[in-house]
Amino acid sequence: MKNRFQLCGLVIVALLLAACSSTPSKPSIGRATPTSAPTSTNAAGPAGQPAPNLPKAGSGRGAYYKDDGPGDNPPPGLELTLDAEPKVEPYSTSGNKPYAVFGKTYTPMLDDKPFTQRGTGSWYGKKFHGQKTSSGELYDMYKMTAAHPTLPIPSYARITNISNGKQVIVKINDRGPFHTNRIVDLSYTAALKLDYLGKGSSELLLERLLPADIEKMAENKKNTVTVASSPAPTPVPAVATMAVAAPVMPEVAPIAAPAIAPAPDTAKFETLIASNTTTQPVAEAAAVVPEVITTPNPTSGFYLQFGAFGLRSNAEATFSRLQSKLAQLPAFEIVQQGTLYRLFSGPFASREEANDAIQFAINVGIPKPIVVQR
């Protein structure tokens, strides 16, 4: 009997320790009953590398919610998933009403004011896969979406992983997280592309994309497609030349040559030409297309993004077009993130300097770039 009491005591202590070490589960706000769906423990990660070998859901060992996490059968190529495509959409009537969770009331924002937020972001997966989100859509952990307590539904945000500079664009279609130390819950795939699945959370920068930003991005994309699809100019055919015999001229008496005026001093013109000749290669060197990199400039500050392109050649062509007009801007870089090539210039010491550069770009006929903070 004494041994049984000792055994029971050990079991109770073990259960208490397990409960204390678990992370609180994500509250369900108007969600349907969970449905089973294939999820991943070994999905391919960024740059084609295997994702971390994550503990299974319910194991109590993951950094994600204690009864959430990856599963067993992921779709292939998740690291190549494209960012959400921002659109200007009407806000949901049901998804933007004030609500209360854990005794705290949240009032969704319905204005068009800029909004940025920096803090810890987490991700959610298997437990909620297939459930109805606050927007009415079914949650798909393999799409580029996110949950936020107060951003409009639907809306879009750019998310940057502060530790590595990687960026994604996600659609806000759900509510959460409801932890005081977390600002956003990303889908499994968004966290995979930002490379923090194994950690469960990371310090992120969230920037809301306003309708004006989205319209400008659509315009840039349209202009890029137009430039890329324009046919190359038709070469002018060479004109055939014929040798023509010089006419025979009758002999004439030589005419005395008039007095020749002294030749003008051309030294200053030769100096100018030489100066132009020597400076021309320097201008060409400054316009050399930057090498494509996968890790953005680690220097902190504000950067201007002039576009995100599906083709490397489009990013390089845009740089060549901009550089002649924006040569006084800081260094340009082309960063490959997933299947997109992003064109940046920076860093700027402050947002005010970045905004001044935006105004300058607009004044010379360049579509408005987007400010990114690193």
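This structure is a prediction, so every number in the text was calculated from the model and none was measured. (Residues numbered from 1 in each chain as written. Predicted model: local features only at pLDDT ≥ 70, side-chain atom pairs only at ≥ 80, totals over all residues. Heavy atoms only, no water.)

Visitor: Quick rundown of the nonpolar core? Include the residues and the values.
Guide: Ile-159, Val-170 and Leu-186 are the most contacted members of the largest nonpolar core, which has 36 residues in total. Elements with a contribution of two residues or more to this core: β3 (116-124), β4 (145-147), β5 (155-161), β6 (167-174), β7 (182-187), α2 (188-194) and β8 (201-209). It is α2 that contributes the most residues to this core, 5 residues altogether. What Ile-159 contacts, discounting residues up to four positions off in sequence, is Lys-166, Gln-167, Val-168, Val-170, Leu-186, Leu-194, Leu-204, Leu-205 and Leu-206. Ranked by size, the runner-up nonpolar core spans 20 residues in total, among them Phe-309, Phe-319, Leu-322 and Leu-329. (Core = buried A, V, L, I, M, F, W, Y, C linked by side-chain atoms within 4.5 Å. Buried < 20%, exposed > 50% of the residue type's maximum accessible area, 1.4 Å probe, protein only. Helix = DSSP H or I, 4+ residues; strand = E, 2+ residues; numbered from the N terminus. Contact = heavy atoms within 4.5 Å.)

Visitor: Explain the confidence of the model for the protein chain to me, and be specific about the residues and the numbers.
Guide: Taken over all residues, the pLDDT of the protein chain has a mean of 74, while the share at 70 or more is 64%. At the level of individual helices and strands, the protein chain shows its lowest average pLDDT in helix α4 (residues 267-286), which scores 36, and its highest in β4, which scores 97. Confidence drops under a pLDDT of 50 for residues 30-48, and excluding neighbours within four residues, the segment shows 59 contacts in the predicted structure. In the model, residues 255-286 has pLDDT below 50 throughout and makes 1 contact with residues more than four positions away in sequence or in other chains. (pLDDT = per-residue confidence, 0-100.)

Visitor: Requested: an account of helix α5 (residues 312-323), with residues and values cited.
Guide: With 12 residues, α5 extends 16 Å from end C-alpha to end C-alpha; this agrees with the ideal 16 Å at 1.5 Å per step. Within α5 the residues assigned to the buried category are Asn-314, Ala-315, Thr-318, Phe-319, Leu-322 and Gln-323. Looking straight down α5, one finds its buried side chains confined to an arc of 160°; they lie on one side. (Expected span 1.5 Å × (residues − 1). Arc of directions from axis to C-beta.)

Visitor: Give me the lowdown on the pattern of salt bridges, citing residues and values where you can.
Guide: Inspection of the entire model under this criterion finds 9 salt bridges. In this structure, Asp-83 and Lys-193 form a salt bridge, with 3.2 Å as the shortest nitrogen-oxygen distance. Of this pair, Asp-83 sits in the loop between α1 (2-21) and β1 (99-101) while Lys-193 sits in helix α2, placing them 110 residues apart in sequence. As far as burial versus exposure is concerned, Asp-83 and Lys-193 are alike and both buried. The salt bridge involving Arg-312 is made with Glu-316; its shortest N-O contact spans 3.0 Å. Placement of the pair is Arg-312 and Glu-316 together in helix α5, with a separation of 4 residues, close to one helical turn. Among the residues examined, Arg-312 registers a relative accessible area of 42% and is labelled partly exposed. One network of salt bridges, in which partners are shared, links Asp-83, Lys-193 and Arg-342. (Salt bridge = Lys/Arg side-chain N within 4 Å of Asp/Glu carboxyl O.)

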